Amino acid sequence: MNTNKGFTLIELLVVVLIIGILAAMALPQYFKAVERSRMSEAVTLLGNIAQAEQRKYLQINRYTAAFTALDVAPKGATGSVFYTKGNPTNGTNGNGFRIELSGTDYTSGKATATRASSNGTLQYKYSLTRFYASNDTTCTGADDNGDALCADFCGVDAVASHKCCSTGVTGDCPGPVSND
């Protein structure tokens, strides 16, 4: 009668191999979920900026091109460009979004959030754009992974370089139309 109890080396190797295979399948989905949460954060930030710009438009009849003129300016934001991580003016030591304000009239005023990294190594490269006078967000992939992430985020099957997330169609979201 054999009284040695335990696992053989082969059994342990098989278990480690199975765990490795499961981890290899789960990690890409985990990274994609993390990036989607970053996208949601950026969409919320763009929405807050758009609301602040709309309030500014009611005050002075045009949009502003500087964060300091907004009532919800992020801490450290001075000009028309702000980085969400790292140094707020140039993005060094950061891995967040580059937020840029552009246009001061009703049809051209928009904010763009571009995924930025100070070391240049990003798995997903994309930009999110929102006109101040619109509720729509356009996701633009800068590489294949960015295109696929935009398609997934916007809820469409086809991969294309521009996605209007609010309507789910390929192409830029329609901008605001002037009432003039």
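Residues numbered from 1 in each chain as written. Predicted model: local features only at pLDDT ≥ 70, side-chain atom pairs only at ≥ 80, totals over all residues. Heavy atoms only, no water.

Colleague: Tell me about the packing of aromatic side chains, residues and numbers included.
Modeller: Summed over the entire model, instances satisfying the criterion amount to six aromatic pairs. Seen from their ring centres, F97 and Y126 are 6.0 Å apart, and the 65 degrees between their planes marks the pair as edge-to-face. Pair noted here: F97 is in strand 2 (residues 97-102) and Y126 is in strand 4 (residues 126-131), with a separation of 29 residues, a long-range link. Residue F97 is classed as buried on the basis of its relative accessible area, which comes to 4%. (Phe/Tyr/Trp six-rings, centres within 6.5 Å; stacked < 30°, edge-to-face > 60°. Helix = DSSP H or I, 4+ residues; strand = E, 2+ residues; numbered from the N terminus. Buried < 20%, exposed > 50% of the residue type's maximum accessible area, 1.4 Å probe, protein only.)

Colleague: I'd love a proper account of the packing of helix 1 (residues 9-60) against helix 2 (residues 144-154), names of residues and values included.
Modeller: In helix packing, the relevant descriptors are the interaxial angle and the interaxial distance, both defined with respect to the helix axes. Contact geometry for helix 1 and helix 2: axes closest at 11 Å, N-to-C directions at 65 degrees. Between helix 1 and helix 2, the angle falls in the class roughly perpendicular. Crossing handedness for the pair helix 1 and helix 2: right-handed. Along its contact with helix 1, which presents K32, E35, R36, M39, S40 and V43, the element helix 2 presents L149, D152 and F153. Per-class residue counts for the contact of helix 1 with helix 2 are four nonpolar, one polar and four charged. (Axes fitted to C-alpha atoms, helices over the stretch in contact; angles between N-to-C directions. Parallel < 35°, antiparallel > 145°, perpendicular 65-115°, else oblique. Left-handed = near helix turned anticlockwise from the far one by under 90°. Contact = heavy atoms within 4.5 Å. Nonpolar A, V, L, I, M, F, W, Y, C, P; charged D, E, K, R; others polar.)

Colleague: I'd like a rundown of the state of the cysteines, residues and numbers included.
Modeller: In the structure shown here, the tally under the stated rule is one disulfide. Two residues share a disulfide in this structure: C139 and C150, whose sulfurs sit 1.9 Å from each other. On the sign convention where negative means left-handed, the S-S torsion of about -60 degrees between C139 and C150 marks this disulfide as left-handed. Of this pair, C139 sits in strand 5 (residues 138-141) while C150 sits in helix 2, and the two are 11 residues apart along the sequence. A relative accessible area of 0% places C150 in the buried class. (Disulfide = S-S within 2.5 Å.)

Colleague: An account of a nonpolar patch on the surface is requested, with residue identities and associated values reported.
Modeller: Together, L9, I10, L13, V14, L17, I18, I21, L22 and M25 give the surface a local cluster of nonpolar side chains, amounting to about 920 Å² of exposed area. If you trace the backbone, I10 turns up in helix 1. Residue I10 is classed as exposed on the basis of its relative accessible area of 59%. (Patch = residues over 30% accessible without salt bridge, like charges linked within 9 Å, V, L, I, M, F, W, Y side chains within 5 Å. Areas by Shrake-Rupley, 256 points an atom, 1.4 Å probe, with all protein chains shown as cover. Salt bridge = Lys/Arg side-chain N within 4 Å of Asp/Glu carboxyl O.)

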